[in-house]
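Listed below are the residues making up each chain.
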Amino acid sequence: MSRIFEITERVASYSAKADIDRINQAYVFAAHAHAGQLRSSGDPYIVHPLAVAGILASIGMDEASIIAAILHDTVEDTSVTLEEVASRFGDEVARLVDGVTKVGQIRFNSSEHKQAENFRKMLMATARDVRVLIIKLADRLHNMRTLGFLREDKRRRISEETLHIYSPLAHRLGMHWIKQEMEDLAFLHIDPEAYRAIASKMEDRLDELHRTREHLESLIQEALSRQGMKAKVQGRMKHLYSIYQKMQRKHVNFDEIYDLVAFRIIVDDIPSCYQALGLVHGLYRPVPGRFKDYIALPKPNGYQSLHTTVIGPENFRIEIQIRTQAMHSYAEEGVAAHWLYKSQDADARDRESFKWLKRLMDLIQESEDPSEFLENMRLDLFVQEVYVFSRDGDIFALPRGSRPLDFAYAVHTELGHHCIGVRINGEVADFQQRLRNGDQIEIMVSPEQTPSRQWLQYVKTPKARHAIRQWFRRQEREVSMRIGRKFLRDVLGRSDVPVSMCKALNCRSPEDLMEKLGRGDLPIHRLLEVVQRSEWKAFNIRGLEKTLMHAATCCHPIPGDPVLGQFRRGHGMILHHRKCPEIRKGREKDWLEVHWEGEKGKMFLTGIEVLTRNERGMLAKVTQCIAEQSSSIEDLKLHQRPGSTTELIFLVSVENRKHLADLLRSLRGVPGVVRVSRRNRVGLQGQTDEGGVSRAIGQTLRGIFSGRKVHVKEDS
Ligand code: MN
């Protein structure tokens, strides 16, 4: 079935609802897109997608699958885009085509046999929709059928991939005939000699098989028809590759394989199954211990049948399976039988035994999300992992619940450290988004970007968590060392430390001493004792070296203020205003006298309060005045006060005390302003170095995407 009218006729025969016109349109569209392309066989390319669609029609797949099969190579191999497919044939078809394309991009390296299971899992996860896998299996089956036209090394590679990945996948989806045909074709190309040897011996047995089959069929038919029942008996030889495997596994030759022949008896209903079993056991002697009732106790994947082995004519063992037609199509087509089943609603009542399938269908109808459907199908028993792609198409397995930073750190630690944004499937996403199977992830980096503590909330993997913590530990060490060195230089006038001093202060090395000093573990007065300097001038600072020193956010000191410094582990030195109540909390010796001078152009935050009369435009006048003084407002709050006045509290940025004094003076000159003063404790945070990490990220992203707004939410 590889001509378009054969396909459409077939689809119409099992699905009344199918839109045959749309299938024809897909054919015209694909034929046009592939025009001029040839297969290795010399056939026009369109022959292949049609053959794939034909395979799917033969197992009763739905219209969307048929159309997607016809289009399955257009996006990959022609100038057609996914958007075009979506606009012409709808989102469902486009999703299927996209899935098949993505699955097709995954390359299995045959040297990684141990990874085969992972690859299969990943294919399933990537597919999201089980129809994608079915289309892919049909695609691979047709490619296997036409493999003879390729070079030998390619034939071998594709055959191995088929054996390791696709035939087990077909097995897992319960699509037995596809599995067997794939295996025999792969076997033919991998070991042609062994294949032909077994094939010719099988040939010799065919007559015998047919005789037995006819005999059995007439006997069973006769017996059942007496009760008004029908039966169909199918005889089949074991498939070549499974004989080969058994010969290898058991180290036996062909003549020692006794279960070459198997029969299948297909009857109308479940009672007939047991009746047929009784008949068979009356005709031939059953082999003890070989009877299995998978009707009463279906296999976990939903398979149902009665199995028995009997001693047949000429003393050959014959395996017999007895089942209803519904059980049979499920056993053969596996999960694909679902579509066939769906399209024959009238017979649905006869198939009550398909409880598993029914449950499955309910789930499909309930779930919008095909990946959820896959999970519920127990196809992916690997729910603990998600499989995602890098921009280059490499696969990464991450624990379920992982987010973009986990991916970045999985690729490379540096990629994580400098990660500034992420695109998932081409769309800008935030760091909190959970990764889904098949997502393609692109990490954007900036050399200036460094980890933030908030990132720890956005990672799931120990690797990412560890890398971030490690970065901070290293950073803290560096900060401490630099401060320690600065101290030494101030106190000793040099930064090299004599060994005797290290010993006296219980430090292993000069570096150790500097680190302890800078971290505050070694009090500065201990150092002064050792160098026998009782008095020590203030510690001099110009500006503030970011990451080394910070102005405290409780009292907002600015250069020129009397300040005291205190160490905070991992943060360097925090400068507090001398009048800050925090100072009374610490021990006296922990506080360092600091002389802090500003630096031109560097701004620091501080608080001011402005009492104004309640007049129209008052706030505008005040803020304009602040702007005119080259200061900026980082935060503000308002309080209504008695006597028709309002108290405005601002967090503003200024260079130093002089700048602040100028600002206060100008504000006093604004008409309507009653009183102006500095206010050290404002209870406003503004955007400091410490907080606002996500805001900073948001801003950077906004910058990068030239005005495209990116919202970075807080974790909830
Ligand atoms: Mn193809």
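The following refers to the structure shown. (Residues numbered from 1 in each chain as written. Predicted model: local features only at pLDDT ≥ 70, side-chain atom pairs only at ≥ 80, totals over all residues. Heavy atoms only, no water.)

With respect to the overall build of the protein chain
Reasoning step 1: Of the regular secondary structure elements, the protein chain holds 27 helices and 20 strands.
Reasoning step 2: Sequence separation of 24 or more characterises 66% of the internal contacts of the protein chain that already satisfy a separation of 6 or more.
Reasoning step 3: In the structure as shown, the protein chain presents an accessible area of about 35,400 Å², 48% of it carried by carbon and sulfur atoms. (Helix = DSSP H or I, 4+ residues; strand = E, 2+ residues; numbered from the N terminus. Contact = heavy atoms within 4.5 Å. Areas by Shrake-Rupley, 256 points an atom, 1.4 Å probe, with all protein chains shown as cover.)

Observations regarding the pairing of strand 14 (residues 563-568)
Reasoning step 1: By the bridge criterion, six bridges tie strand 14 to strand 15 (residues 572-577) in an arrangement that is antiparallel. Bridging across to strand 15, Arg568 finds its partner in Gly572.
Reasoning step 2: Bridge count for strand 14 against strand 16 (residues 592-597) is three bridges, and the pairing is antiparallel. Paired with Val563 across the bridge in strand 16 is Val594. (Pairing = 2+ DSSP bridges.)

Here we look at the nonpolar core
Reasoning step 1: Ranked by size, the top nonpolar core spans 94 residues in total, and within it Ile66, Leu71 and Ile265 carry the most contacts.
Reasoning step 2: Among the elements that take part in this core, helix 8 (residues 130-145) stands out by supplying nine residues, more than any other.
Reasoning step 3: Composition of this core by domain shows at least three residues from each of domain 1 (4-191) and domain 2 (201-351).
Reasoning step 4: Ile66 has contacts with Ile7, Val11, Tyr14, Ile23, Ala53, Leu56, Ala57 and Met61, leaving out every residue within four places of it along the chain.
Reasoning step 5: By size, the runner-up hydrophobic cluster in this structure holds 45 residues, among which are Val479, Cys502, Leu660 and Val673. (Core = buried A, V, L, I, M, F, W, Y, C linked by side-chain atoms within 4.5 Å. Buried < 20%, exposed > 50% of the residue type's maximum accessible area, 1.4 Å probe, protein only. Domains from an automatic or database assignment.)

Description of the packing of aromatic side chains
Reasoning step 1: The full count for this structure, using the stated rule, is eight aromatic pairs.
Reasoning step 2: A centroid spacing of 6.0 Å and a plane angle of 85° characterise the contact between Phe431 and Trp455, whose relative ring orientation is edge-to-face. Of the two residues, Phe431 sits in the loop between strand 10 (427-429) and strand 11 (440-445) while Trp455 sits in the loop between strand 11 and helix 20 (462-492), which places them 24 residues apart along the sequence. Of the two residues, Phe431 and Trp455, both sit in the buried class. (Phe/Tyr/Trp six-rings, centres within 6.5 Å; stacked < 30°, edge-to-face > 60°.)

Side note on the sheet that holds strand 18 (residues 632-641)
Reasoning step 1: Taking strand neighbours across the sheet as the criterion, the four strands line up as 18-19-17-20 in an open arrangement whose pairing is antiparallel. In the strand order of this sheet, the two ends are held by strand 18 and strand 20 (673-678), each with one partner. Ignoring which end each strand starts from, the neighbouring axes of this sheet average 20° apart.
Reasoning step 2: Where strand 18 meets strand 19 (residues 645-654), nine bridges bridge the pair, whose relative direction is antiparallel. Pairing of His639 across the sheet is with Glu647, part of strand 19.
Reasoning step 3: Relative to the sheet, helix 25 (residues 618-628) contacts strand 17 (604-613), strand 18, strand 19 and strand 20, its axis offset from that of strand 19 by approximately 20°.
Reasoning step 4: Contacts from helix 26 (residues 657-668) reach strand 17, strand 19 and strand 20, with the element oriented near 170° to strand 20. (Axes fitted to C-alpha atoms, helices over the stretch in contact; angles between N-to-C directions.)

Notes on the coordination of the manganese ion
Reasoning step 1: Protein coordination at the manganese ion: the donors are His48 (NE2), His72 (NE2), Asp73 (OD) and Asp139 (OD), at 2.1 to 2.4 Å from the metal.
Reasoning step 2: For the manganese ion, the single-chain donor residues occur in sequence as H-x23-H-D-x65-D. Of the two residues, His48 sits in helix 3 (residues 47-58) while His72 sits in the loop between helix 4 (63-71) and helix 5 (74-77), which places them 24 residues apart along the sequence. No difference in accessibility class separates His48 from His72, as the two residues are buried. (Donors = N, O, S within 2.8 Å, 3.2 Å for Na, K, Ca; no water.)

What about the pattern of salt bridges?
Close approach of charged atoms allows side chains with opposite charge to pair.
Reasoning step 1: The full count for this structure, using the stated rule, is 23 salt bridges.
Reasoning step 2: Two residues, Arg290 and Glu319, come together in a salt bridge whose shortest N-O distance is 3.4 Å. Here Arg290, found in the loop between strand 3 (285-286) and strand 4 (292-293), pairs with Glu319, found in strand 6 (residues 317-324); they are 29 residues apart in sequence, far enough to count as distant.
Reasoning step 3: According to the relative accessible area criterion, Arg290 is partly exposed, its value standing at 34%. (Salt bridge = Lys/Arg side-chain N within 4 Å of Asp/Glu carboxyl O.)

A few points about the packing of helix 8 against helix 10 (residues 176-190)
Reasoning step 1: Relative orientation of the contacting elements helix 8 and helix 10 amounts to 35°, with a least axis distance of 10 Å. Two packed elements cross with a definite hand, and for helix 8 against helix 10 that hand is left-handed. Residues Leu137, Arg140, Leu141, Met144 and Arg145 of helix 8 lie in contact with helix 10, whose contacting residues are Trp177, Ile178, Glu181, Met182, Leu185, Ala186 and His189.
Reasoning step 2: Considered class by class, the residues forming the contact of helix 8 with helix 10 number eight nonpolar, one polar and three charged. (Left-handed = near helix turned anticlockwise from the far one by under 90°. Nonpolar A, V, L, I, M, F, W, Y, C, P; charged D, E, K, R; others polar.)

Looking at unusual backbone geometry
Reasoning step 1: Positive phi, normally seen in glycine, also occurs at Asn506, with a value near 60°.
Reasoning step 2: Within the fold, Asn506 resides in the loop between helix 21 (499-504) and helix 22 (510-519).
Reasoning step 3: The residue Ser644 is not glycine, and still its phi comes out positive at about 50°.

Structural notes on a nonpolar patch on the surface
Reasoning step 1: On the surface, Leu619, Leu636 and Leu638 cluster together into a nonpolar patch covering about 240 Å² of accessible area.
Reasoning step 2: Position of Leu638 among the secondary structure elements: in strand 18. (Patch = residues over 30% accessible without salt bridge, like charges linked within 9 Å, V, L, I, M, F, W, Y side chains within 5 Å.)

What about the packing of helix 20 against helix 22?
Reasoning step 1: Close contact between helix 20 and helix 22 brings their axes to 6 Å; oriented N to C, the two are set at 95°. By the angle between their axes, helix 20 is roughly perpendicular relative to helix 22. Of the residues in helix 22, those touching helix 20 at Arg477, Ser480, Met481, Ile483, Gly484, Arg485, Phe487 and Leu488 are Glu511, Leu513, Met514, Glu515, Leu517, Gly518 and Arg519.
Reasoning step 2: Here the residues of the contact of helix 20 with helix 22 are counted per class, giving seven nonpolar, three polar and five charged. (Parallel < 35°, antiparallel > 145°, perpendicular 65-115°, else oblique.)

What about the pairing of strand 2 (residues 261-267)?
Reasoning step 1: Most of strand 2 is tucked away: seven of the seven residues are buried.
Reasoning step 2: Here strand 2 shows two buried faces, one formed by Val261, Phe263, Ile265 and Val267 and the other by Ala262, Arg264 and Ile266.
Reasoning step 3: In the sheet, strand 1 (residues 231-237) pairs with strand 2 via seven bridges, with the strands oriented antiparallel. Counterpart to Arg236 in the pairing with strand 2 is Ala262.
Reasoning step 4: Bridge count for strand 2 against strand 6 is six bridges, and the pairing is parallel. Counterpart to Ala262 in the pairing with strand 6 is Glu319.

Read these as spatial facts, not as claims about activity.
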